[in-house]
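Inside the fold
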Amino acid sequence: MRLRHIPGAEETIASSPYVIQEPALHKGSWNQVFGNTNPIEIEVGMGKGRFIMELAQKNPHINYIGIERYSSVLLRGLQKRAGLELDNIYFLCIDAKAMADYFAPGEVNRIYLNFSDPWPKDRHARRRLTSPDFMAVYDQILARDGVIEFKTDNRGLFDYSLEAIPQAGWQIKAHTFDLHHSPMNEGNVMTEYEEKFSSMGNPICKMVISRGCHR
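Note that the structure is a prediction, hence the values are computed from the model and not measured. (Residues numbered from 1 in each chain as written. Predicted model: local features only at pLDDT ≥ 70, side-chain atom pairs only at ≥ 80, totals over all residues. Heavy atoms only, no water.)

A few words now on the environment of Thr176. Along the chain, Thr176 turns up in strand E6 (residues 170-176). With a relative accessible area of 9%, Thr176 lands in the buried category. Distance from Thr176 to Asn63, taken between C-alpha atoms, is 27 Å for residues 113 residues apart in sequence. Leaving out residues up to four positions away in the same chain, Thr176 has contacts with Phe158, Ser182, Met184, Ile204, Cys205 and Lys206. A polar contact is formed between the side chain of Thr176 and the backbone nitrogen of Asp178, at a distance of 3.1 Å. (Helix = DSSP H or I, 4+ residues; strand = E, 2+ residues; numbered from the N terminus. Buried < 20%, exposed > 50% of the residue type's maximum accessible area, 1.4 Å probe, protein only. Contact = heavy atoms within 4.5 Å. Polar contact = N/O pair within 3.5 Å; in protein donor to acceptor, adjacent residues only side chain to side chain.)

A word on the side chain of Ser182. In this fold, Ser182 is placed in the loop between E6 and helix H7 (192-199). You can call Ser182 buried: its relative accessible area is 16%. For Ser182, the side chain forms a polar contact with the main-chain nitrogen of Met184, separated by 3.0 Å.

For strand E4 (residues 108-114), the buried fraction is high: 5 of the 7 residues fall into the buried class. In the sheet, strand E1 (residues 40-44) pairs with E4 via 4 bridges, with the strands oriented parallel. When the sheet's bridge partners are listed, Ile42 is paired in E4 with Ile111. For the crossover from E4 across helix H5 (residues 132-141) to strand E5 (residues 142-152), the handedness is right-handed. (Pairing = 2+ DSSP bridges. Right-handed = clockwise from strand over helix to strand, strands pointing away.)

Our next topic: the side chain of Glu43. Turning to its location among the elements, Glu43 is positioned in strand E1. For the buried Glu43, no salt bridge exists, and the shortest N-O distance to an oppositely charged side chain is 8.1 Å, to Lys151. A polar atom in the side chain of Glu43 sits 3.0 Å from the side chain of Asn114. Among residues more than four places away in sequence, those in contact with Glu43 are Phe51, Ile52, Ile65, Gly66, Ile67, Tyr112 and Asn114. (Lys, Arg positive; Asp, Glu negative; His and termini not counted. Salt bridge = Lys/Arg side-chain N within 4 Å of Asp/Glu carboxyl O.)

Here is the structure:
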């Protein structure tokens, strides 16, 4: 993915009160960061943050952490965050593959994967956020009864996920190939990409994932 670098983005992120600078120090004690014992939900690849910030506004009794590895993208999220009165959301500028270094086993209740890079070439399959490699990372931090929600407009990535996730030992609790015309759409919060793609007539796919019986 080629992104235009915004000068000063790293410096702004490093000085932002909304970004946790040394997340490894909080592994196992995120409740202290938020000042409560509310459940924690994270979005991997939050982009400009519309989705997770709307969730935070709607659910004040849930703590949210948005993960975005690209500084120029996270900067846009920080600009939105500055105009909101919220105390239940923070951001991390990290590589999602290292999440087990920052969250203790069972510390996360729900993981959102929204419109992830499809990495269409077979040689890049391990980079897909629903690949067995990433599912193994989620397994290390997700609560025993936790779930993963995955949305995409890329049918190739969705079909891949329908096969790869069960093979990795997980269970697909529900899925749809057309979210906005499905019962699964109830309470749906849209992302920037979701609004863009659906306005173009692209059907949105969604699945809800949990651990298999043997996990």
